[in-house]
Number of protein chains: 2
Amino acid sequence: MKFGIVIFPSKKMQDYANSFRKRYDAHYALIPPHVTLKAGFEATEEEIGPITKKISAIAGNLNPVQLKVTKFSSFSPVNNVIYLKVEPSQELENLHNKLNAAFDNIQEYKFVPHVTLGQDMSDAEHADVYGTMRMNNINFEETADRIHLLYQLENGSWTVYETFRLGKDA
Amino acid sequence: MKFGIVIFPSKKMQDYANSFRKRYDAHYALIPPHVTLKAGFEATEEEIGPITKKISAIAGNLNPVQLKVTKFSSFSPVNNVIYLKVEPSQELENLHNKLNAAFDNIQEYKFVPHVTLGQDMSDAEHADVYGTMRMNNINFEETADRIHLLYQLENGSWTVYETFRLGKDA
């Protein structure tokens, strides 16, 4: 089974992200808007018990993280992916690093916390859509006090396996 | 915000259910296959903290539940809804009753544990599809050791807020 670890931002930010994802993200129906902390990794149903314990220990020893979003950004020209840029912070970096270190520690990309709004666009569509999106003024600031471990179904959609509160008093 | 409480069955059962939902359930993309324990109820973000505590206490005091599915069924003629029938058990009934008692205790229908496969069908389509589905032999038997509290986004899709393990040693 394929698992992943994410933060779901507030309903407000998710609704905002979905207003764009609906048109520009083919994953719109597969998973709610999210910040990926650990991209898809394979594990068996037997392995997931110990993995759950590891994540629980990591989450319990960290504090809730701030999610501050003030602008749109893009991974172009590497990928025509437009996203809400979550301001990097030591807390987020730490959470990401600890989760990755607990597993394979394989990272294809540098960690850039973000909520994807659109992907799989042609260069022309990307330029057009990105140009329009960037004219919106946005300002989200919220605290994320939990992370979720998800697994992927055969149709590509994701189901939550477990929630972990960040913080010792969780 | 609108909240709900569900059990997600195993990936295997979810994949099986989705093979039908894809064609016959307009909610296919809004939520993974599930057994509803407490249908949508309204609560504010302030109220959800105490509600979470209540659910946590209830879940911690109950044992994991068995989900046994051996046949298809339908709510017709009341509703043209086809579903995987989860065999009623004292454990499931108890879980459902305790969760409902903790809230408004309003129940529109008698509790019939099920995983919806198809809905919003005409009488003719229902008869046709149900007739075909019933020819499948199915036999799922599994243990559900967790329940999930979800909230609904503006687009109708559901995001998990928190997971609760069933059982004292959770």
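Chain A goes by Putative phosphoesterase D1970_20120 in an unreviewed UniProt entry, where it is assigned to Mesobacillus zeae. Annotation of chain A in UniProt includes, under Sequence similarities (unreviewed entry), the sentence "Belongs to the 2H phosphoesterase superfamily. YjcG family."

Residues and elements named next belong to chain A. At a minimum axis distance of 10 Å, the contact between helix α2 (residues 48-60) and helix α3 (residues 90-102) shows a crossing angle of 155 degrees. Between α2 and α3, the crossing angle belongs to the class labelled roughly antiparallel. The hand of the α2/α3 crossing is right-handed. Every residue of α3 that contacts α2 at Lys54, Ile55 and Ile58 is listed here: Lys98, Leu99 and Ala102. Taken together, the residues of the contact of α2 with α3 break down into four nonpolar, no polar and two charged.

What follows covers α3(A). Residues and elements named next belong to chain A. With 13 residues, α3 extends 18 Å between its outermost C-alpha atoms, agreeing within 8% with the 18 Å of an ideal straight helix rising 1.5 Å per residue. All of the buried residues along α3 are Leu92, Leu95, His96, Leu99, Asn100 and Ala102. In a view along the axis of α3, the buried residues occupy a sector of 165 degrees, so they form one face of it. If you follow the buried residues of α3, they end up packed against β1 (2-7), β2 (35-42), α2, β3 (65-74), β4 (82-86) and β7 (146-152).

For the rest of this paragraph, the subject is the pattern of salt bridges. For the structure shown, the criterion picks out 14 salt bridges over all chains. A salt bridge links B:Arg21 to B:Asp25, with the shortest nitrogen-to-oxygen separation between them at 3.4 Å. For B:Arg21, a relative accessible area of 1% translates into the label buried. Here the salt bridges do not stand alone but share partners, grouping A:Asp145, A:Arg146, A:Arg165 and B:Glu162 into one network.

Let's shift gears to the UniProt feature "active site" (unreviewed entry) in chain A. Residues and elements named next belong to chain A. As recorded in UniProt, the feature "active site" (unreviewed entry) lies at His34 and His114. A compact arrangement is adopted by the annotated residues: their sequence extent is 81 residues, whereas the largest C-alpha distance between any two is 7.9 Å. Its place among the elements puts His34 in the loop between α1 (11-24) and β2. Those residues in contact with His34 that lie beyond four places of it in its chain are Val6, Ile7, Phe8, Pro9, His114, Val115 and Thr116. Among the polar contacts listed, one links the side chain of His34 to the backbone oxygen of Pro32, at a separation of 2.9 Å. Looking at the element boundaries, His114 is found in strand β5 (residues 114-118). Residue classification places His114 among the buried positions, given a relative accessible area of 17%. Not counting the four nearest positions on each side in its chain, His114 is found in contact with His34, Val35, Thr36, Phe75, Tyr83, Leu84 and Val86. Among the polar contacts listed, one links the side chain of His114 to the backbone oxygen of Val112, at a separation of 2.7 Å.

Moving on: the nonpolar core. Among the nonpolar cores identified, the biggest contains 103 residues, and A:Ile7, A:Ile147, B:Ile7 and B:Ile147 are the most heavily contacted of them. Among all residues touching B:Ile7, those that are not within four sequence positions of it are B:His34, B:Val35, B:Leu37, B:Val65, B:Leu67, B:Leu92, B:Leu95, B:Ala144, B:Arg146 and B:Ile147.

Superposing chain A onto chain B requires a rotation of 180 degrees together with a translation of 0.0 Å along the rotation axis, leaving an RMSD of 0.0 Å. Such a combination of turn and shift is consistent with a two-fold rotation axis. Taken together, the interface assignments show that 100% of the residues at the interface of chain A recur at the interface of chain B, consistent with an identical surface on both copies.

Take helix α4 (residues 123-133) of chain A next. Residue and element names in this part refer to chain A. Burial in α4 covers these residues: His126, Val129, Tyr130 and Met133. What you see down the axis of α4 is that its buried residues fit within an arc of 100 degrees, all on one side. Of the residues in α4, the exposed ones pointing more than 90 degrees away from the buried face are Ala124 and Asp128. The inward-facing, buried residues of α4 contact α1, β3, β4 and β5.

Here the focus is the packing of aromatic side chains. Inspection of the entire model under this criterion finds 18 aromatic pairs over all chains. Between A:Phe3 and A:Tyr161 the ring centres are 6.3 Å apart and the planes differ by 90 degrees, which places this aromatic pair in the edge-to-face class. Here the residue A:Phe3 occupies a position in strand β1, and A:Tyr161 occupies one in strand β8 (residues 158-165), the gap between them amounting to 158 residues. Cluster of aromatic residues (ring-pair linked, three or more members): A:Phe3, A:Phe41, A:Tyr151 and A:Tyr161. Residue placement shows A:Arg146 over the ring face of B:Tyr161; its charged tip is 4.0 Å from the ring centre.

Parameters and conventions
Residues numbered from 1 in each chain as written. Chains lettered and ligands numbered in written order. Predicted model: local features only at pLDDT ≥ 70, side-chain atom pairs only at ≥ 80, totals over all residues. Heavy atoms only, no water. UniProt positions renumbered as here; feature names shortened; annotations may be inferred. Axes fitted to C-alpha atoms, helices over the stretch in contact; angles between N-to-C directions. Helix = DSSP H or I, 4+ residues; strand = E, 2+ residues; numbered from the N terminus. Parallel < 35°, antiparallel > 145°, perpendicular 65-115°, else oblique. Left-handed = near helix turned anticlockwise from the far one by under 90°. Contact = heavy atoms within 4.5 Å. Nonpolar A, V, L, I, M, F, W, Y, C, P; charged D, E, K, R; others polar. Expected span 1.5 Å × (residues − 1). Buried < 20%, exposed > 50% of the residue type's maximum accessible area, 1.4 Å probe, protein only. Arc of directions from axis to C-beta. Salt bridge = Lys/Arg side-chain N within 4 Å of Asp/Glu carboxyl O. Polar contact = N/O pair within 3.5 Å; in protein donor to acceptor, adjacent residues only side chain to side chain. Core = buried A, V, L, I, M, F, W, Y, C linked by side-chain atoms within 4.5 Å. Least-squares fit on C-alpha atoms with pLDDT ≥ 70 in both. Phe/Tyr/Trp six-rings, centres within 6.5 Å; stacked < 30°, edge-to-face > 60°. Lys NZ or Arg CZ within 6 Å of the ring centre and 35° of its normal.

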